[in-house]
Amino acid sequence: MKYLSKRAASMDSVGTDCRELKRTYDECFNKWFSEKFLKGVTEDPCTALFKVYQDCVKKAIREKNLNLEEIETDVLGTEREKQPPPTT
Amino acid sequence: MVKFMTASSVFKFTWDQVASGMWQRYPNPNSKHVLTEDVLSRRIEDQKLVSLRILTKTNKIPKWGERFVGQNKNILIIEESVVDPKEKTFTTYTRNVGLQKVLLTASITSHNLQFFSISVAGLAKLKSWALPHLLLVALGFSRWDQVPLL
């Protein structure tokens, strides 16, 4: 399955201003993922686009007072994965 | 009280198709309750792609439940994933942030090899009230997100 064409509907971002940045990044990522990464090429050409998009998302998260620290905590691959989630 | 659930399905697509499709599930008409989807971090580690995504979903509470959780509020979902193109595995760990005192779910899914099997383990942990306890479990499972693949 090829990545979706540019005419496909785009998904909203948590930051309303980030939507276009997200769309641009997703197009780059989906193309690289299916055409390169799955065939063993790990060099990611979308990092610059991702940085801009990521900065926008982090700003939106802070503005909405969401818990960025809890969000960014890795669980998969750690001991916490095998535990029931904490009820903090 | 803890509930554990597993489910598996077989889909007739190549692993590459499913792996690519995992990033393109939204928007879709079967998941209108998913409001936003963002990638927060992504890196390559040992030839594998490690990503962190955040999604927000609606969280419709029936009237009787509002006094336990407040009115309808969107809920934040975190999805960590590791894609290994050599082993052909796509593993995700999904959990909700917020409402953890009332209803907590975490799921681990893995898609591997050519016959994609999806195993879903759901874990719900609730406070120990009597009847509302059981009804909240029913509510939680009736809203369990069916992963739309393609």
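Residues numbered from 1 in each chain as written. Chains lettered and ligands numbered in written order. Predicted model: local features only at pLDDT ≥ 70, side-chain atom pairs only at ≥ 80, totals over all residues. Heavy atoms only, no water.

1. Remarks on the overall build of chain B
Okay, so step 1: Counting its secondary structure elements, chain B contains 3 helices and 9 strands.
Okay, so step 2: Taken from the N to the C terminus, the helices and strands of chain B come in the order β-β-α-β-β-α-β-β-β-β-β-α.
Okay, so step 3: Counting every position in chain B, which comprises 150 residues, the buried fraction comes to 50%.
Okay, so step 4: By sequence separation, contacts in chain B at least 24 residues apart represent 51% of the contacts at least 6 residues apart.
Okay, so step 5: If you sum the accessible surface of chain B, you get close to 7400 Å²; carbon and sulfur atoms cover 57% of it. (Helix = DSSP H or I, 4+ residues; strand = E, 2+ residues; numbered from the N terminus. Buried < 20%, exposed > 50% of the residue type's maximum accessible area, 1.4 Å probe, protein only. Contact = heavy atoms within 4.5 Å. Areas by Shrake-Rupley, 256 points an atom, 1.4 Å probe, with all protein chains shown as cover.)

2. Focus on the packing of helix α1 (residues 19-35) of chain A against helix α2 (residues 47-63) of chain A
Residues and elements named next belong to chain A.
Okay, so step 1: Axis separation between α1 and α2 bottoms out at 9 Å; the angle between their running directions is 145 degrees. In terms of crossing hand, the pair formed by α1 and α2 is left-handed. Of the residues in α2, those in contact with Leu21, Lys22, Thr24, Tyr25 and Cys28 of α1 are Leu49, Phe50, Val52, Tyr53 and Cys56. (Axes fitted to C-alpha atoms, helices over the stretch in contact; angles between N-to-C directions. Left-handed = near helix turned anticlockwise from the far one by under 90°.)

3. A look at the packing of aromatic side chains
Here a ring pair, both rings aromatic, is described through the centre-centre distance and the interplanar angle of the planes.
Okay, so step 1: Across all of its chains, the model carries 11 aromatic pairs over all chains by this definition.
Okay, so step 2: Both rings, one in Phe29 of chain A and one in Phe33 of chain A, keep their centres 5.5 Å apart while their planes meet at 35 degrees; by these two values the pair is tilted. With a gap of 4 residues between them, Phe29 of chain A and Phe33 of chain A both fall in helix α1, about one helical turn apart. For the pair formed by Phe29 of chain A and Phe33 of chain A, the shared burial category is buried.
Okay, so step 3: The interplanar angle of 40 degrees and the centroid separation of 5.4 Å between the aromatic rings of Trp32 of chain A and Phe37 of chain A together place this pair among those described as tilted.
Okay, so step 4: Judged by relative accessible area, Trp32 of chain A falls into the buried class, the value being 3%.
Okay, so step 5: By the ring-pair criterion, three or more aromatic residues cluster together here, those being Tyr25, Phe29, Trp32, Phe33, Phe37, Phe50 and Tyr53 of chain A together with Trp23 and Phe90 of chain B.
Okay, so step 6: Between Arg42 of chain B and the ring centre of Phe29 of chain A, over which it is positioned, the NZ or CZ distance is 3.5 Å. (Phe/Tyr/Trp six-rings, centres within 6.5 Å; stacked < 30°, edge-to-face > 60°. Lys NZ or Arg CZ within 6 Å of the ring centre and 35° of its normal.)

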